[in-house]
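Report on the structure
The primary structure of each chain is shown beneath.
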Amino acid sequence: MAKLILSMDGLVLKEIALDRERISVGRKPHNDIQIDNLAISGEHAVIVTLLDDSFLEDLNSTNGTYVNGQPIKKCVLRNGDVIELGKYRLKYFNDAPPAPRTGFEPQPEADAPPDAPLPLGEIQVLTGASAGRQLELSKSLTRLGKPGLQVAVIARRPQGYFITHVEGEHPPVVNGRPLAAQAHPLADHDVIELAGVKMEFFLKR
């Protein structure tokens, strides 16, 4: 299981297991990781964990969120990354093997589909070099996009399929509308625009 080690000035303060899908970081008491320091915004950042992957998002904080010294808005966390919030450090540890990330290739993740019956979803690429290619969304999590440019994940849940923006300055577009921060439910024949490629989501009957 992935975890974070919170420290300040080299002193370890606590260890946090990433055992929930969403963990918030900020100065206010309701955050999962509360850091009572004026340099930290009330709601500073959030870490979303889906299976073996964790994604960090800055929540428009006043002083910003940094990973390995670089300012970020959204990014995929990798083992050993150091998240910097003011004087505080959150070091990310994940011993799961990283998924390969080369080019614009749909990458199914994990093996166990949910128990509840659900029509099988598919993605058909409409434009670009992979136009005409189809991918069955039979896995619990599928990553789409180009790392460093724009990445999204489609999660297969008992109640349906959901797409989430996880990396890149601009969110993907579904049916002409940019995605919000939350997971967005996909409907039959939704058109997704991601990393310069259009694709259609549909349910097999």
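Nothing here was measured: the structure is a model prediction, and the numbers come from that model.

Thoughts on the overall build of the protein chain
Per the secondary structure count, the protein chain includes zero helices and 22 strands. Across the 205 residues of the protein chain, 47% fall into the buried class. Considering only contacts within the protein chain whose residues lie at least 6 apart along the sequence, 42% involve residues at least 24 apart. Carbon and sulfur atoms make up 51% of the accessible area of the protein chain, which amounts to about 10,500 Å² in all.

Here's the deal with the pattern of salt bridges
The tally for this structure, following the rule as stated, stands at 10 salt bridges. With its nearest N and O atoms 2.2 Å apart, the salt bridge here joins R143 to D53. In this pair, R143 sits in strand β15 (residues 141–146) while D53 sits in strand β6 (residues 53–58), placing the two residues 90 residues apart along the sequence. Exposure class is identical for R143 and D53. Each is buried. Here K73 and D58 are joined by a salt bridge, their closest N and O atoms 3.9 Å apart. Taken together, the positions of K73 in the loop between β8 (70–72) and β9 (74–76) and D58 in strand β6 put the pair 15 residues apart, joining distant regions of the chain. In the salt-bridge network here, residues are joined through shared partners; they are D19, R20 and D32.

Section: the environment of A195
Locating A195 in the fold gives a position in the loop between β21 (190–194) and β22 (197–203). Relative accessible area serves as the criterion here: at 10%, A195 is assigned to the buried category. For the pair A195 and K146, spaced 49 residues apart in sequence, the C-alpha separation works out to 6.3 Å.

Re the sheet that holds strand β11 (residues 88–93)
Sheet strands line up and pair through hydrogen bonds in the backbone, either parallel or antiparallel. Taken together, the six strands give an open sheet; going across it, the order is β2-β1-β11-β10-β7-β8, and neighbouring strands pair in antiparallel fashion. Two strands bound the open sheet, and with one partner strand each, they are β2 (11–17) and β8. Across the sheet, the mean angle separating the axes of adjacent strands is 30 degrees when strand polarity is ignored. As judged from the four bridges shared by strand β10 (residues 82–85) and β11, these two strands associate in the antiparallel manner. Residue pairing in the sheet places L85 in a bridge with Y88 of β11.

A short note on unusual backbone geometry
Located in the positive-phi region is N68, a residue other than glycine, with phi close to 50 degrees. Relative to the helices and strands, N68 is located in the loop between β7 (65–67) and β8. Residue N68 is classed as partly exposed on the basis of its relative accessible area of 46%. A positive phi is found at A195, a non-glycine position, where the angle reads about 55 degrees.

Describing the packing of aromatic side chains
Tallied over the full model, the rule gives one aromatic pair. Seen from the ring of F93, K3 lies directly overhead, with NZ or CZ sitting 5.9 Å from the centre. The ring of F162 has R157 lying over it, and the distance from NZ or CZ to the ring centre is 4.8 Å.

Topic: the nonpolar core
Ranked by internal contacts, the top residues of the largest apolar core, which has 22 residues, are L4, I35, I47, L56, I83 and L90. Residue contributions to this core peak at three residues, all from β11. I123, I154, L179 and L194 belong to the second-largest nonpolar core, a separate cluster that totals 20 residues.

Side note on the pairing of strand β16 (residues 150–157)
Taking burial as the measure, the eight residues of β16 include eight buried ones, the bulk of the element. Neither face of β16 is left uncovered, since the one carrying Q150, A152, I154 and R156 and the one carrying V151, V153, A155 and R157 both have all their residues buried. With six bridges joining them, β15 and β16 adopt antiparallel strand pairing. When the bridges of β16 are listed, T142 appears paired with I154. In textbook terms, the turn of a hairpin is the stretch between consecutive antiparallel strands, and for β15 and β16 this stretch comprises three residues, one of which, G148, has a positive phi near 85 degrees.

Rules used in this analysis
Residues numbered from 1 in each chain as written. Predicted model: local features only at pLDDT ≥ 70, side-chain atom pairs only at ≥ 80, totals over all residues. Heavy atoms only, no water. Helix = DSSP H or I, 4+ residues; strand = E, 2+ residues; numbered from the N terminus. Buried < 20%, exposed > 50% of the residue type's maximum accessible area, 1.4 Å probe, protein only. Contact = heavy atoms within 4.5 Å. Areas by Shrake-Rupley, 256 points an atom, 1.4 Å probe, with all protein chains shown as cover. Salt bridge = Lys/Arg side-chain N within 4 Å of Asp/Glu carboxyl O. Pairing = 2+ DSSP bridges. Axes fitted to C-alpha atoms, helices over the stretch in contact; angles between N-to-C directions. Phe/Tyr/Trp six-rings, centres within 6.5 Å; stacked < 30°, edge-to-face > 60°. Lys NZ or Arg CZ within 6 Å of the ring centre and 35° of its normal. Core = buried A, V, L, I, M, F, W, Y, C linked by side-chain atoms within 4.5 Å.

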